[in-house]
Structures are given as C-alpha cells and as structure tokens.
Amino acid sequence: MDFLMSGLAACGACVFTNPLEVVKTRMQLQGELQAPGTYQKHYRNVFHAFITIGRVDGLAALQKGLAPALLYQFLMNGIRLGTYGLAEAGGYMHTADGNFSHTRSAAVGGLAGILGAYLGSPIYMVKTHIQAQAASEIAVGHQYKHQGMLQALNEIGRKHGVVGLFRGAVGGLPRVIVGSSAQLCTFSSTKDLLSQWEIFPPQSWKVALAASMVSGIAVVLAMTPFDVASTRLYNQPTDAQGKNWVLKSSAASCSVSASLLGTKDVGIMKGQTGHQLFKVTQAPGWSPILLGTESR
C-alpha cells in the first residue's frame, strides 16, 4: 500500500508540474556543447520559454510527455518513497538511543532513489525524447520523431534491445542519488526543526508543506548539474548499434564531467529557474507523501 499511495500521489503532482518539466528539458538542451554566442537562444528564461512554446508549438505542447512522466512518477516514487517509508517504519533512521540519524536518512534515500530510478529509466528516456520534440524553428537538442510512449519503447527495444532501453541509466544515477538523499534528508531535518521551534501547531499540515518547500530548493541546488548532464545523455542520438554518438558521455562518470567540463556553454545550472519552480510547486503534492514516510 505504501508503494501504491506514494506513486499515485506523485502522479497527482506531476499533472500540474509537467509543463515546467517540458520547459526545463528544453532549456537544458539549449546550447549543448556549443560556446556562448554561437547558437540561437530560443528560450531566454523560463517565462519566455512558456510563451515561446505555447505560441509556436501550441498550448498542448506544454503537456508533452505527460503519459511517460506519469508512469515514471508512479514507478520511481512509488518504489523510492515506499522503500524509504518501510525503512522508517523499521527504525533504520534512528540510532540506538532513539535520535534521528541524518546520515542513515541520506543513505537510505539515495539507495531507494537508485532502485526506483534505474527501473524507471526507459520511461524517463522516452519522456525526455518526447518533451524535447518541437517545431523546427524552436527545436533544441537531437529531435526524435516518436509518436507516443508505447511506440517509442517498442521501436527502441526492437532496434537496440534491452540495453538500448536502459541507455543512459547508469549515467543518470548520480542525479537521483544526490536528489533523493537531499530531498528526504532535508525534509526530515526541516520538519524536526520546525516542530522543535513550535512555529506551527503540532501535527499541522503547514509543517509538512514548509519542509517540502525547503527540501525542494535544496534538491535543485544539489541536483541541477547532474540533471543537465542526465537530460543530455538521454537525448543524445545513437548509431546503428544504439551507442551514443558523443563518446565521452558514454561513461557512468559523465554526469559530472559533461556538466563541469564537456559542456562548452558552461551550462551546469541550466534550467535552474524552471527546476526551482518545478520542485516548489510540487510541494503541496509532496508534503503528504513525505509526511507519511515520517509518521509510521
């Protein structure tokens, strides 16, 4: 039941935040491996991106990739938060004297994130492909021509097998390890501090909401460099054997190297504004889920 409720609640938040994810994806792909000033900047900021996508691609384009996004949220967060909740219920987050352990919380959050993200990686890859698809005049990154989630999964699996479906999965794990650890650990710590300071009434929903917003900001600051690299990894074109054309991004360590060294536009924090909005606006949906992992 923990897995089911966590997944469904995450899907509810995803419906409202998917347009921000579309904007974030395109801003992160913009200027890939190009020096500043050498490429046309279609999206100046998150607000300009919304207007541009709506004007050129149509308002419906702001919900591109919604189906795989919902499925990914259900799989990834159902597994991640459900596993974290079971660990909390089993007492693994506290030391022998009953004190909350930030180290254990971060470790469990990271491991739970790895499990959920790896299993959901094929869906996340397809989501990235579809969200990047745009009219030629505002297109950024490699343009796949998928007609939908199922068609994309079938085509990739038929051409490149299981290995092709999990392309980029290992390189994307640092993003999830950092993000999951930061979110779950920061949420727990902030919630405990708010309760100690008695800013809100005991057991108030405001405690969970405030803690979710703080953890969302922390996640973005920690995860964005890895998120940029992960997005570009998933969206790269492949050769006939299903391997990335940009060979230096094929290693697991590329989530760091591509962000810090391989990207000539020094885009390690690209899309951060959109990512911040994405996480903060998720707070109302995330707060009851995260609170549930703490209340067992």
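Keep in mind that what you see is a predicted model, and the values were worked out from it rather than measured.

Parameters at a glance
- Each chain carries its own residue numbering, running from 1 in the written order of its sequence.
- With pLDDT at 70 or above as the cut-off, local features in this predicted model cover only qualifying residues; side-chain atom pairs require 80 or more to be listed or tallied, and sums for whole chains, interfaces and linings still use all residues.
- As a rule here, side-chain values come from all non-hydrogen atoms in the structure, and water together with hydrogens is ignored.
- Secondary structure counts use DSSP, requiring at least four H or I residues in a row for a helix and at least two E residues in a row for a strand, with both numbered from the N terminus.
- Relative accessible area decides the class of each residue, using a 1.4 Å probe on protein chains only: under 20% of the type maximum gives buried, over 50% gives exposed, and in between gives partly exposed.
- Only heavy atoms matter for contacts: two residues are in contact if any of them lie within 4.5 Å across the pair.
- A 1.4 Å probe and the Shrake-Rupley method give the accessible areas. Residues count as covered only by the protein chains that appear here.
- Note on ring pairs: Phe, Tyr and Trp rings are taken, using the six-membered ring of Trp, and paired if centres are within 6.5 Å. Classes follow the plane angle, with under 30 degrees stacked, over 60 edge-to-face and the rest tilted.
- By definition here, charges over rings are those cases where NZ of Lys or CZ of Arg is within 6 Å of the ring centre and within 35 degrees of the ring normal.
- Working convention: axes come from line fits to C-alpha atoms, limited for helices to the stretch in contact. Angles between N-to-C directions cover 0 to 180 degrees.
- We call two directions roughly parallel when the angle between them is under 35 degrees, roughly antiparallel when it is over 145, roughly perpendicular when it lies between 65 and 115, and oblique otherwise.
- By the definition used in this description, the sense in which the near helix is turned from the far one sets the handedness, with an anticlockwise turn below a right angle giving left-handed and a clockwise turn giving right-handed.
- Residue classes follow a fixed rule: Ala, Val, Leu, Ile, Met, Phe, Trp, Tyr, Cys and Pro count as nonpolar, while Asp, Glu, Lys and Arg count as charged, and any other residue, Gly among them, counts as polar.
- By this rule the span expected of a helix is its residue count minus one, scaled by 1.5 Å.
- To get the bend at any residue, fit one axis to the seven residues that end at it and another to the seven that begin at it, then take the angle between the two axes.
- Throughout, nonpolar core names a set of buried Ala, Val, Leu, Ile, Met, Phe, Trp, Tyr and Cys residues whose side chains join them through atoms within 4.5 Å.
- The working definition used for a salt bridge is a side-chain nitrogen of Lys or Arg within 4 Å of a carboxyl oxygen of Asp or Glu.
- Patches here: salt-bridge-free residues with over 30% relative accessible area, like charges joined within 9 Å, nonpolar side chains (Val, Leu, Ile, Met, Phe, Trp, Tyr) joined within 5 Å.
- Under this definition, polar contacts are N or O atom pairs within 3.5 Å; protein pairs additionally need one hydrogen-donor-capable and one acceptor-capable atom, and for neighbouring residues in sequence, both atoms have to be side-chain atoms.
- pLDDT expresses, on a scale from 0 to 100, how confident the predictor is about each individual residue.

A word on the overall build of the protein. Broken down by element type, the protein carries 11 helices and 0 strands. Going from the N terminus to the C terminus, the protein shows its helices and strands as α-α-α-α-α-α-α-α-α-α-α. For the protein, buried positions account for 54% of its 296 residues. Pairs at least 24 apart in sequence give 80% of the contacts found in the protein among residues at least 6 apart. Total accessible area on the protein is roughly 13100 Å²; 66% of this is exposed by carbon and sulfur atoms.

Summed over all chains, the structure comprises 3 aromatic pairs. Judged by centre distance (5.2 Å) and plane angle (25 degrees), the rings of Tyr 118 and Phe 166 are stacked. With Tyr 118 in helix 4 (residues 102-119) and Phe 166 in the loop between helix 6 (149-165) and helix 7 (169-197), this pair connects stretches of sequence that are 48 residues apart. We classify Tyr 118 as partly exposed; its relative accessible area is 34%. By way of ring pairs, the aromatic residues Tyr 72, Tyr 124 and Tyr 234 are connected into one cluster. The aromatic ring of Tyr 124 is capped on one face by Lys 127, whose charged end is 4.4 Å from the ring centroid.

A few words on the packing of helix 3 (residues 66-89) against helix 7. Running from amino to carboxyl end, helix 3 crosses helix 7 at an angle of 50 degrees, the nearest separation of the two axes being 12 Å. The orientation of helix 3 with respect to helix 7, classified from their angle, is oblique. Pair helix 3 / helix 7 crosses with right-handed handedness. Here Tyr 72, Met 76, Arg 80, Leu 81 and Tyr 84 of helix 3 come into contact with helix 7, specifically with Arg 175, Val 176, Ser 180, Gln 183, Leu 184 and Ser 188. Along the lines of polarity and charge, the residues of the contact of helix 3 with helix 7 split into 6 nonpolar, 3 polar and 2 charged.

A few words on helix 6. Along its 17 residues, helix 6 runs just 12 Å from first to last C-alpha, ending more than 12% under the 24 Å computed at 1.5 Å per residue. If you look at helix 6, its biggest bend is around 100 degrees, right at Lys 159. If you check which residues of helix 6 are buried, you get Met 149, Ala 152, Leu 153, Ile 156, Gly 164 and Leu 165. Residues of helix 6 that are buried sit in contact with helix 3 and helix 5 (121-132).

To continue, consider the nonpolar core. Core analysis: the biggest nonpolar cluster contains 16 residues, and Tyr 72, Val 126 and Leu 153 have the highest contact counts within it. For this core, the elements supplying multiple residues, two or more each, are helix 3, helix 5, helix 6 and helix 7. For Leu 153, the contacting residues outside a window of four places in its chain are Pro 122, Ile 123, Val 126 and Leu 165. Listed in part, the 15 residues of the second largest apolar core include Val 23, Val 46, Ala 49 and Ile 138.

To continue, consider the pattern of salt bridges. For the structure on display, the rule yields 6 salt bridges. One salt bridge in this structure joins Lys 24 and Glu 21, with 3.6 Å as the shortest N-O distance. In this pair, Lys 24 and Glu 21 both sit in helix 1 (residues 2-29), 3 residues apart, roughly one turn of the helix. Judged by relative accessible area, which is 1%, Lys 24 ranks as buried. The exposure class assigned to Glu 21 is buried, which follows from its relative accessible area of 6%. As a salt-bridge pair, Arg 175 and Asp 227 come within 2.5 Å of each other at their nearest N and O atoms.

This part is about a nonpolar patch on the surface. A contiguous nonpolar patch, built from Leu 115, Tyr 118, Leu 119 and Val 170 and spanning about 350 Å² of accessible area, is present on the exposed surface. For the nonpolar patch, the element with the most residues is helix 4, which contributes 3 residues. Along the chain, Leu 119 falls in helix 4. Accessibility expressed as a relative area gives 49% for Leu 119, which makes it partly exposed.

Glancing now at helix 8 (residues 205-235). Helical geometry: 3.6 residues make up each α-helical turn, so side chains three or four residues apart lie on a common side. A rise of 1.5 Å per residue sets the reference length of helix 8, with its 31 residues, at 45 Å; its end C-alpha atoms lie only 39 Å apart and thus fall more than 12% short of the reference. At Met 223, helix 8 is deflected by roughly 55 degrees, the largest bend along its length, and proline Pro 225 occurs up to four residues later in sequence. Where helix 8 begins, the capping side chain belongs to Ser 204, and its oxygen is found 3.1 Å from the backbone nitrogen of Lys 206.

What follows concerns unusual backbone geometry. A positive phi angle, near 55 degrees, is found at Glu 198, a position not held by glycine. Inspection of the secondary structure puts Glu 198 in the loop between helix 7 and helix 8. The exposure class of Glu 198 is exposed, given its relative accessible area of 65%.

Summarising the model, the protein shows a mean pLDDT of 80, and 79% of its residues fall at 70 or more. A low-confidence stretch, residues 247-266 stays under pLDDT 50, and its non-local contacts, those more than four residues away or across chains, total 45 contacts.

A few words on the environment of Tyr 118. Sequence separation between Tyr 118 and Ala 169 is 51 residues, and the spatial gap between their C-alpha atoms is 6.0 Å. Dropping the residues within four chain positions of it, Tyr 118 is found in contact with Phe 166, Ala 169, Val 170 and Leu 173.

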